[in-house]
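If you want the building blocks of each chain, they are given just below.
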Amino acid sequence: MAEIVSLAEAVALAVRDGDTVAMEGFTHLIPFAAGHEVIRQRRRDLTLVRMTPDLIYDQLIGAGCVRKLVFSWGGNPGVGSLHRFRDAVEHSWPGPLELEEHSHAGMANRYVAGASGLPFAVLRGYAGTGLMAEGMASVRPITCPFTGEILTAVSALNPDVAIVHAQRADTSGNVQLWGITGVQKEAVLAAERSIVTVEEVVPHLDPRPGSVVLPSWTVSYVAEAAGGSRPSYALGYYERDNDYYVAWDPIARDRDAFRRWLDTEIFGMAETMGGR
Amino acid sequence: MPVPDYSSDEMMTVSAARALRDGITCFVGIGLPSAAANLARATHAPRLVLIYESGTIGAKPDRLPLSIGDGILAETADAVVSVPEIFNYWLQPGRIDVGFLGAAQIDKFGNINTTVIGGDYAAPKTRLPGSGGAPEIAASCREVIVVVRQTLRSFVERVDFVTSVGYGSGPGTRQRLGLTGAGPLKIITDLGVLEPDPATQEFVLTGLYPGVSVEDARARTGWDLAAAAELHTVDPPSAAELTALRGFTASAKE
């Protein structure tokens, strides 16, 4: 059964230095408040996993929490580069960043394998690409035992911790999310521990067509964090703050501007429940 | 009616939109491809099915999404599926007619790089966002159309990194790799249209926008660009196309 705790407690209990942590949410429901709390609690040497690192991993990388990044698309959607990510790769600032790079299809299948209790997943992908040629330990050709066709195997992802944001949970800790639900279910089921932040805890979850439900016993901690995915969005609660994504660009371009942002917006605040 | 003024970017987006036939299914990349696909749906292709990698199938946005996962896509879609499902059930089996992609670098065989430029992979001069859904879109859609501004920096003899395979090193590569789709059939730029030579699979110039010369295109291409014998001039944007495009652009800035 999920324990319902504060966000600060959830992060303190679930996330340890050196952990592999997957914060998922495909454009929608990105767990910003939880990511900020990880920075605030000064976790170090994390291996961060995420299909689209987005601003949240740019912030964690710049803050020096990250040793390695496992990802498939590291840009600021519709705006351009993630400059803290680039500074880490191109100039090792604030420290070197190891990369394990995939395609979206590969990452999605790696989570599926992890959630399924399998060591790898099979797909048609990567053939002829530099990603395959880089010889990463997590992508290999595989021969179909039935047809002899050469396909591609990607190793399972089984994070120590998965962190996602959802619209609602009930008082028993059952979680409900809807709209674009990405790989959140797979990430939570693949992980050893999980934190779900929610817009609100309600007495009872109304059935909703198309929603994903994570039963309480699949989740470690539920924390209420209204606005917890801003500047991403929570369908039915608030819209994506596209202007913030644009405004992030000059902050992230400049190390001093980024340090000021960290001091005022993260370390200067108590747990903010996702407000900025 | 007088020909309205338009920019080369507007001509490119209109030209790309025209490449999408009504009623087909299109896997849409963000940026220039998304603008063109939405323009097509707003003009000559109202039954165009837009599919985004966020899992939105049949999205009908009335304004340009800034990202591939904007709420407007989910709210207007025929179906919203998970990310594993969009790649495994929908893209991988070859159900999608056209993959519509952008590029940071593209070479004469239509291979795309969105990963690193300069240096080597581990220590690049410029780190780009990476692949996203593009490698499998380029592999598995029945055909691919690339929309990219034409510059010496972007149009290179060989890409620094193969993020998504076009024709690899030429005829036979796609078959050898087991790629099921036909590969890139058009590169649409801000100067004109390139298509692969049927014999060599090297991209050649087949269309030019009004006022652009072969020499202009060659001056902005990093390989020895040939022009097809039947080089045509692309019609300028119509007033209806420009109105629709500018309507989108204005609403995106609100």
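No experiment lies behind these values; they were computed from the predicted model shown.

A. The overall build of chain B, seen in detail. When its secondary structure is counted, chain B shows 8 helices and 15 strands. Since a compact globule built from 254 residues should have a radius of gyration of about 18 Å, the 18 Å found for chain B is in line with a globular shape. Counting only C-alpha atoms and orienting by the principal axes, one finds that chain B spans roughly 50 × 45 × 35 Å. Buried residues in chain B amount to 59% of all 254 residues. Across chain B, every contact between residues at least 6 apart in sequence was considered, and the portion connecting residues at least 24 apart equals 64%. Put simply, chain B shows about 9700 Å² of open surface, and 54% of that area lies on carbon and sulfur atoms. Counting 21 positive and 28 negative side-chain charges, chain B places the centres of these two groups 3 Å from one another.

B. Here's a closer look at the sheet that holds strand E9 (residues 139–143) of chain A. Residue and element names in this part refer to chain A. With antiparallel pairing, the 3 strands of this open sheet are ordered in space as E8-E10-E9. Each end of this open sheet is capped by a strand with a single partner; those strands are strand E8 (120–123) and E9. Within the sheet, the average angular offset between the axes of one strand and its neighbour, ignoring direction, is 40°. Alignment of E9 against strand E10 (residues 150–155), held across 5 bridges, turns out to be antiparallel. Across the sheet, the residue bridging to Thr143 is Ile150, located in E10.

C. Examining the environment of A:Gln184 more closely. Residues and elements named next belong to chain A. Along the chain, Gln184 falls in helix H7 (residues 184–190). The exposure class of Gln184 is buried, given its relative accessible area of 0%. For Gln184, the contacting residues outside a window of four places in its chain are Glu24, Gly25, Phe26, His28, Leu29, Val164 and Leu177.

D. Examining the interface of chain A and chain B more closely. Listed per partner, the contact involves 43 residues of chain A and 39 residues of chain B. With both chains or domains summed, chain A and chain B bury close to 3300 Å², and 62% of this area falls on carbon and sulfur atoms. For A:Glu101, the salt bridge is made with B:Arg127, and the minimal N-O distance between the two is 2.6 Å. Viewed at the interface, chain B and chain A are joined by 18 residue pairs in polar contact (both at pLDDT 80 or more). When contributions to the side of chain A that touches chain B are tallied by element, the ones reaching two or more residues are helix H4 (83–91), strand E7 (98–101), helix H5 (104–116) and helix H6 (130–133) of chain A. Top contributing element to the side of chain A that touches chain B by residue count: H5(A), with 5 residues.

E. How the structure looks around the nonpolar core. Judged by nonpolar contacts, the single largest core of 110 residues is most densely connected at A:Val175, B:Leu20, B:Phe27 and B:Phe100. Excluding anything up to four places from it in sequence, B:Phe100 contacts B:Ala16, B:Leu20, B:Cys26, B:Phe27, B:Val28, B:Gly29, B:Pro33, B:Ala36, B:Ala37, B:Ile145 and B:Val147. Among the nonpolar cores identified, the runner-up in size contains 45 residues, and A:Phe32, A:Ile39, A:Cys65 and A:Trp248 belong to it.

F. Quick look at the packing of aromatic side chains. With the rule as written, the count across this model stands at 8 aromatic pairs over all chains. Their ring planes at 70° and their centres at 5.5 Å tell us that A:Phe71 and A:Phe85 sit as a pair that is edge-to-face. In this pair, A:Phe71 sits in strand E4 (residues 66–71) while A:Phe85 sits in helix H4, placing the two residues 14 residues apart along the sequence. Accessibility classification places A:Phe71 together with A:Phe85 in one group, the buried group. Where B:Tyr167 meets B:Phe203, the ring centres are 6.2 Å apart and the plane angle is 35°; that geometry is what we call tilted.

G. Highlighting the side chain of B:Asp70. Along the chain, B:Asp70 falls in the loop between strand E3 (56–57) and helix H3 (71–76). One polar contact links B:Asp70 to B:Ser67, side chain to side chain, over a distance of 2.6 Å. Sequence-distant contacts of B:Asp70, that is, excluding residues within four places in its chain, are made with A:Thr27, A:Ile180, A:Tyr233, A:Arg240, A:Asn242 and B:Pro65.

H. Spatial organisation of the environment of A:Asp241. All names here are of chain A. For Asp241, the position within the fold is in the loop between strand E15 (221–224) and helix H8 (242–253). Taking relative accessible area as the criterion, Asp241 reaches 22% and is therefore assigned partly exposed. Here the alpha-carbon distance between Asp241 and Pro231, two residues 10 residues apart in the chain, equals 4.9 Å.

I. Just the pairing of strand E2 (residues 20–23) of chain A, in detail. Residue and element names in this part refer to chain A. Where E2 lies against strand E3 (residues 46–50), 3 bridges are found, and the strand directions are parallel. Pairing of Val21 across the sheet is with Leu48, part of E3. You can see the chain leave E2, run along helix H2 (residues 32–40) and come back into E3, and the turn it takes is right-handed. Across 3 bridges, the pairing between E2 and strand E11 (residues 161–170) is parallel. Among the inter-strand pairings, Ala22 is bridged to a residue of E11, identified as Ala162.

J. Focus on unusual backbone geometry. All names here are of chain A. Of note, the bond from Trp93 into Pro94 is cis; its omega dihedral lies within 30 degrees of zero at 5°. Unusually for a residue other than glycine, Leu29 sits at a positive phi of about 55°. Exposure remark for Leu29: the relative accessible area of 0% places this residue in the buried category. One non-glycine residue, Ser92, lies in the positive phi region at around 55°. The residue Ser92 is located in the loop between H4 and E7 in this model. For Ser92, a relative accessible area of 39% gives the class partly exposed.

Rules behind the numbers
- Residues numbered from 1 in each chain as written.
- Chains lettered and ligands numbered in written order.
- Predicted model: local features only at pLDDT ≥ 70, side-chain atom pairs only at ≥ 80, totals over all residues.
- Heavy atoms only, no water.
- Helix = DSSP H or I, 4+ residues; strand = E, 2+ residues; numbered from the N terminus.
- Rg over C-alpha atoms; globule rule 2.2 N^0.38 Å.
- Buried < 20%, exposed > 50% of the residue type's maximum accessible area, 1.4 Å probe, protein only.
- Contact = heavy atoms within 4.5 Å.
- Areas by Shrake-Rupley, 256 points an atom, 1.4 Å probe, with all protein chains shown as cover.
- Lys, Arg positive; Asp, Glu negative; His and termini not counted.
- Charge placed at Lys NZ, Arg CZ, Asp CG, Glu CD.
- Pairing = 2+ DSSP bridges.
- Axes fitted to C-alpha atoms, helices over the stretch in contact; angles between N-to-C directions.
- Buried area = accessible area lost by both parts, 1.4 Å probe.
- Salt bridge = Lys/Arg side-chain N within 4 Å of Asp/Glu carboxyl O.
- Polar contact = N/O pair within 3.5 Å; in protein donor to acceptor, adjacent residues only side chain to side chain.
- Core = buried A, V, L, I, M, F, W, Y, C linked by side-chain atoms within 4.5 Å.
- Phe/Tyr/Trp six-rings, centres within 6.5 Å; stacked < 30°, edge-to-face > 60°.
- Right-handed = clockwise from strand over helix to strand, strands pointing away.

Keep in mind that these numbers describe shape and distance, not what the molecule does.
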